[in-house]
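Summary of structural features
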Amino acid sequence: MDSLIPFTTSGSLVDCVDRKMLVVLRDGRKLQGVLRSYDQFANLVLEDTVERIYHQDVFAEAWRGLFLIRGENVVLLGEIDLDQEDEVPLRQVEWTVLEPYHKQDVANKKKREDVKSQVLYEQKGFCKEGGEGDGY
C-alpha cells in the first residue's frame, strides 16, 4: 500500500495521522495535538490541541481544541515520543504566570531581529523584505 502513495511532502504525512504531533508556526507559536487530517497543500487539522509557551526551565499550556493550520504557516512538524514525553525536565506553571515573561521574550527577540536586519541592510547591502512572521 505504501508504494501506491507518491512521495511528496503531503503524501509523506500519511503515517503521522492519529499521532500526537508538535507543530511550530511561522509566528513562533508551538502547538501540540493529534493530527487528524491533511490535504495536498499540507493544511493540517489538529485535535485536542494545546499551545505551549516556554521561559527558561518552565512552560505553560493553553487549551486550543480543534485547530486548522494553513500549510504555508508550518515551519516544523514532528511526532512526539509518548514514552519520553513525561521525562522532560521542565516544570509546568499557569499560563497567566508565564505569559508576561513570554511576551517580553518575544519583544526582545523582535528588537534583536530588527537591529540585525538594519545592520544587514546598511552595511552588507541586503534588501529589506518580508513582514510580520516572515522570518522563515
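Residues numbered from 1 in each chain as written. Predicted model: local features only at pLDDT ≥ 70, side-chain atom pairs only at ≥ 80, totals over all residues. Heavy atoms only, no water.

Rule in force here: UniProt positions are given in the numbering used here, feature names are shortened, and annotations may be inferred rather than shown by experiment.
As named in an unreviewed UniProt entry, the chain is U6 snRNA-associated Sm-like protein LSm1, taken from Lentinus tigrinus ALCF2SS1-6. We quote the UniProt Sequence similarities (unreviewed entry) comment for the chain here in full: "Belongs to the snRNP Sm proteins family." For the record of the chain, the UniProt heading Function (unreviewed entry) holds the text "Component of the cytoplasmic LSM1-LSM7 complex which is involved in mRNA degradation."

1. Description of the overall build of the chain
Condition: Numbering of helices and strands runs from the N terminus; a helix is a DSSP stretch of H or I covering at least four residues, while a strand is a stretch of E covering at least two. For every residue, the accessible area obtained with a 1.4 Å probe (protein chains only) is divided by the maximum for its type, and the residue is called buried under 20%, exposed over 50%, and partly exposed between those limits. Under the convention used here, a 1.4 Å probe and the Shrake-Rupley method define accessible areas, while residue burial counts only the protein chains that appear.
The secondary structure content of the chain amounts to one helix and six strands. Here the chain holds 136 residues, and 26% of them are scored as buried. Looking at the chain as shown, the accessible area adds up to about 10,000 Å², and 51% of this sits on carbon and sulfur atoms.

2. Brief notes about the pairing of strand β2 (residues 30-38)
The test is simple: Whether two strands pair comes down to DSSP finding at least two bridges between them.
One ladder, built from five bridges, connects strand β1 (residues 20-25) with β2; its direction is antiparallel. The partner of L22 across the bridge, within β2, is Q32. Remark: four residues form the turn of the hairpin made by β1 and β2, two consecutive strands paired antiparallel; G28 in that turn has positive phi of roughly 95°. Where β2 and strand β3 (residues 44-55) come together, seven bridges link them in antiparallel fashion. Considered in β3, the bridge of L31 is made with E51.

3. Points about a negative patch on the surface
Test applied: Residues form patches when they are more than 30% accessible in relative terms and have no salt bridge. Like charges link within 9 Å. Nonpolar side chains (Val, Leu, Ile, Met, Phe, Trp, Tyr) link within 5 Å. By definition, a salt bridge exists where a carboxyl oxygen of Asp or Glu is found within 4 Å of a side-chain nitrogen of Lys or Arg. Two residue types count as positive, namely Lys and Arg, and two as negative, namely Asp and Glu; His and chain ends fall outside the count. Where a charge sits is defined by one atom per residue type, namely NZ (Lys), CZ (Arg), CG (Asp) or CD (Glu).
A cluster of like negative charges, contributed by D81, D83, D86 and E87, occupies part of the molecular surface. Looking at the element boundaries, D83 is found in the loop between β5 (74-79) and β6 (91-92).

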